[in-house]
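Structural description and commentary
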Amino acid sequence: METLTRVNVLNPANPNKATAIFGGEASGILNWNNLAHPHFYTLRQRIRSLFWTANEVDLTQDVKQFANLSKAEQDAFLKIIGLLATLDGPQTVIAMKIADFATDPSVKSIMATIADQESEHNHSYAYVLSSVTTYDKQVESFEMGRSDKVLMKRNERIVEIYNEFATNPTIETVLKAMVYTTLLEGLFFYSGFAFFYNLARHQKMVGTSTMISYINRDELQHGKAISDIFRAALAENPEYNTEEFTEWIYDQFRHSVEQETIWSRYVLADIDGIDLDEMDGYVKYRANKMLRMLGLSEIYPEFIDNPMKWIRAYTDNFDGTKTDFFEQTSRQYVKTSDLNGFDDL
């Protein structure tokens, strides 16, 4: 199995249009009008249109409300922020590592944009915690990823797959890393997102929910971009497009759904307003959507439609504006263009 090597910054003897996404040749000179995969330009435009920063979100009311949340809500709030930080921190690094070994400069550019946004997501969690709780609680929340046994068990395979690619970069390990990146972007965050959206529909912590909705928008586009790059790389390397690899992907999805279900029942058990059976179905619904993005079939045919009806207001109807839920203060989110639709997500 050929090991991938870090791509030089410039290779003037090579063509500007990359001969392959990984393991090919390219000069390093990026001409967006002369790409091997022209639709990668659209992927980058969609991601770039979602620029935002954490400190533009008003958390004034959240600061007042946090102390009035129930003990169960406060505990879940801190644990879920810990989960999201545990997942988003490595997303910055894995995007940069994929960029290191990508021959195609357009993929490097997309990954750089994703890495920047993931870094802002991670910053946003620290920003929320610093607004609503003490320094000691902030530190405790960020320690969850290496101290909470349920969370550590949930993340075992993520650690394994990401570190395998980092230490042994090959076509196979980068493909597997991209599968797990789509899982993180499209499935692992969603019980956490549901918690904050549930608070917002009860008019609690609306500022935090608004920020989560911005992160959610980003993750949808990141998942779309990574899945498209994955499919293109697999098409360039058909020897990996085997029944064995396909079954490996299905196994990772089944395992991930199982772990996400265990986690959601652990962290949301005492939260009013969330039906845990609906949450289980919603996780399977998300798994089906991400499998379709990867070009595969659904494995949970009874969950083709979203069983968590109320969450549609937060996840299925993104348009071109930022909105403070319930306060309905609308701010321009992206410039008007033909890239605002989310139907394909």
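What you see is a predicted model; the values in this text were computed from it and never measured.

**Concerning the overall build of the protein**
Scanning the protein from terminus to terminus reveals 13 helices and 2 strands. Taken over C-alpha atoms, the radius of gyration comes to 20 Å for the protein, in line with the 20 Å a tight globule of 345 residues would show. A buried classification covers 55% of the 345 residues belonging to the protein. Pairs at least 24 residues apart make up 75% of the contacts formed inside the protein by residues separated by at least 6 positions. For the protein, the exposed surface amounts to about 14,800 Å²; the carbon and sulfur share of it is 48%. The average position of the 33 basic charges and that of the 49 acidic charges among the side chains of the protein differ by 2 Å.

**Focus on the packing of aromatic side chains**
Geometry of an aromatic ring pair is reported as the spacing of the ring centres plus the angle between the planes. Going through the model one piece at a time under the given rule, you end up with 16 aromatic pairs. The lysine or arginine in question, arginine 154, covers the ring of phenylalanine 188, its NZ or CZ lying 5.0 Å from the ring centre. Looking at arginine 286, its charged tip hangs above the ring of tyrosine 190, at a distance of 4.3 Å from the centre.

**Focus on the nonpolar core**
Ranked by internal contacts, the top residues of the largest apolar core, which has 105 residues, are Phe22, Phe77, Ile249 and Phe253. In terms of residues, this core owes the most to one element, helix 3 (residues 71-101), which gives 14 residues. When sequence neighbours within four positions are dropped, the list of residues in contact with phenylalanine 77 reads Phe66, Leu69, Val128, Leu129, Val132, Phe195, Phe196, Leu199, Met205 and Thr208.

**Brief notes about the layout of surface pockets**
Roughly 280 Å³ of internal volume is contained in the largest pocket. Looking at the lining of the largest pocket, the elements that each hand over two or more residues are helix 3 and helix 7 (156-167). Looking at the lining of the largest pocket, its residues break down into 10 nonpolar, 4 polar and 1 charged.

**Brief notes about the pattern of salt bridges**
Counted under the stated rule, the structure contains 14 salt bridges. Taking the shortest distance from any N to any O, the salt bridge between lysine 153 and glutamate 156 comes out at 3.5 Å. Judged by relative accessible area, lysine 153 falls into the partly exposed class, the value being 45%. Several salt bridges share partner residues, and in doing so they unite Arg265, Asp277 and Asp280 into one network.

**Things to note about the packing of helix 8 (residues 171-188) against helix 10 (residues 206-236)**
Between helix 8 and helix 10, the least distance of the axes is 9 Å, while the angle of their chain directions is 160°. Relative to helix 10, the element helix 8 is oriented roughly antiparallel. Pair helix 8 / helix 10 crosses with left-handed handedness. Here Leu175, Met178, Val179, Thr181, Thr182 and Glu185 of helix 8 lie close against helix 10, whose contacting residues are Glu219, His222, Gly223, Ile226, Ser227, Ile229, Phe230, Ala233 and Leu234.

**Description of unusual backbone geometry**
Despite not being glycine, glutamine 203 has its phi angle at roughly 60°, a positive value. Locating glutamine 203 in the fold gives a position in the loop between helix 9 (190-201) and helix 10. Using a relative accessible area of 54% as the deciding quantity, one classes glutamine 203 as exposed. Despite not being glycine, methionine 205 has its phi angle at roughly 50°, a positive value. Of note, methionine 205 is situated in the loop between helix 9 and helix 10.

**A word on the confidence of the model for the protein**
Within the protein, residue pLDDT values average 88, and 91% of them lie at 70 or more. Low pLDDT, under 50, characterises residues 317-345; the predicted model gives this stretch 73 contacts beyond four residues in sequence or across chains.

**Focus on helix 9**
Since one α-helical turn is 3.6 residues long, residues separated by three or four positions face the same way. Helix length check: helix 9, at 12 residues, gives a terminal C-alpha distance of 16 Å against a target of 16 Å (1.5 Å per residue), a fit within 8%. Those residues of helix 9 not exposed but buried are Tyr190, Ser191, Gly192, Phe193, Ala194, Phe195, Phe196, Tyr197, Asn198, Leu199 and Ala200. Within two residues after helix 9, glutamine 203 carries a phi angle of roughly 60°, on the positive side.

**A short note on the environment of methionine 308**
Its place among the elements puts methionine 308 in the loop between helix 12 (276-293) and helix 13 (312-315). What makes methionine 308 buried here is its relative accessible area of 1%. In this structure, the C-alpha to C-alpha distance between methionine 308 and arginine 154, residues 154 residues apart in sequence, is 23 Å.

**With respect to a nonpolar patch on the surface**
Among the surface-exposed residues, Val9, Leu10 and Ile29 lie close enough to one another that they form a single nonpolar patch of about 320 Å² accessible area. Topologically, isoleucine 29 is positioned in the segment before helix 1 (40-48).

**Observations concerning the environment of serine 27**
By secondary structure assignment, the location of serine 27 is in the segment before helix 1. Residues serine 27 and glycine 281, 254 residues apart in the sequence, show an inter-C-alpha distance of 47 Å. Not counting residues within four places of it along the chain, the set of residues in contact with serine 27 comprises Val9, Leu10, Asn11, Pro12, Asn14, Pro15 and Asn16. A distance of 2.5 Å separates the side chain of serine 27 from the side chain of asparagine 16, its partner in a polar contact.

Procedures and definitions
Residue positions are counted from 1 within each chain, in the order its sequence is given. The predicted origin of the model limits local features to residues at a pLDDT of at least 70 and limits the giving and counting of side-chain atom pairs to 80 or more, whereas totals for whole chains, interfaces and linings rest on all residues. Here the side-chain values reflect all heavy atoms present in the structure, with hydrogen atoms and water set aside. Numbering of helices and strands runs from the N terminus; a helix is a DSSP stretch of H or I covering at least four residues, while a strand is a stretch of E covering at least two. The globule rule used here is 2.2 Å times the number of residues to the 0.38 power, and the radius of gyration it is set against is calculated over C-alpha atoms. Three exposure classes are used, based on accessible area relative to the maximum for each residue type with a 1.4 Å probe and protein chains only: buried under 20%, partly exposed in between, and exposed over 50%. Contacts between residues were defined by any pair of non-hydrogen atoms, one from each residue, lying within 4.5 Å. All accessible areas in this document rest on Shrake-Rupley with a 1.4 Å probe, and a residue is counted as covered only by the protein chains that are shown. Only four residue types enter the tally: Lys and Arg on the positive side, Asp and Glu on the negative side, with His and both chain ends excluded. Charged groups are reduced to one reference atom each: NZ for lysine, CZ for arginine, CG for aspartic acid, CD for glutamic acid. Whether two aromatic rings pair depends on their centres lying within 6.5 Å, for rings of Phe, Tyr and Trp, where Trp uses its six-membered ring; planes under 30 degrees apart make the pair stacked, over 60 edge-to-face, and the rest tilted. For a ring to carry a charge above it, either NZ of a lysine or CZ of an arginine must fall within 6 Å of the ring centroid while also lying within 35 degrees of the normal to the ring plane. By nonpolar core we mean a set of buried residues, namely Ala, Val, Leu, Ile, Met, Phe, Trp, Tyr and Cys, connected to one another through side-chain atoms within 4.5 Å. Both site types are read off a 1 Å grid over the protein atoms alone. A 1.4 Å probe that fits but cannot get out defines a cavity, while an open set with protein on both sides within 12 Å along at least five of seven lines defines a pocket; lining residues have an atom within 4 Å of a point. Grid points are joined across faces, edges and corners, and a volume is the space filled by probe spheres set on the points. Residue polarity follows a fixed list, in which Ala, Val, Leu, Ile, Met, Phe, Trp, Tyr, Cys and Pro are nonpolar, Asp, Glu, Lys and Arg are charged, and the others, Gly among them, are polar. Any Lys or Arg side-chain nitrogen located within 4 Å of an Asp or Glu carboxyl oxygen qualifies as a salt bridge. Axis geometry follows a simple rule: fit a line to the C-alpha atoms, using only the stretch in contact for helices, then measure angles between N-to-C directions, giving values from 0 to 180 degrees. In this scheme, roughly parallel covers angles under 35 degrees and roughly antiparallel covers those over 145, while 65 to 115 is roughly perpendicular and the rest are oblique. The handedness criterion is simple: a crossing whose near helix is rotated anticlockwise from the far helix by less than a right angle is left-handed, and one whose near helix is rotated clockwise is right-handed. Confidence per residue, as judged by the predictor, is encoded in pLDDT with a range of 0 to 100. Residue count minus one, scaled by 1.5 Å, sets the expected span of a helix. Candidate patch residues must exceed 30% relative accessible area and have no salt bridge, after which like charges are joined if within 9 Å and Val, Leu, Ile, Met, Phe, Trp or Tyr side chains if within 5 Å. In the analysis that follows, any N or O atom pair within 3.5 Å is treated as a polar contact, provided that within protein one partner can donate a hydrogen and the other can accept it, and provided that, for residues neighboring in sequence, both atoms belong to side chains.

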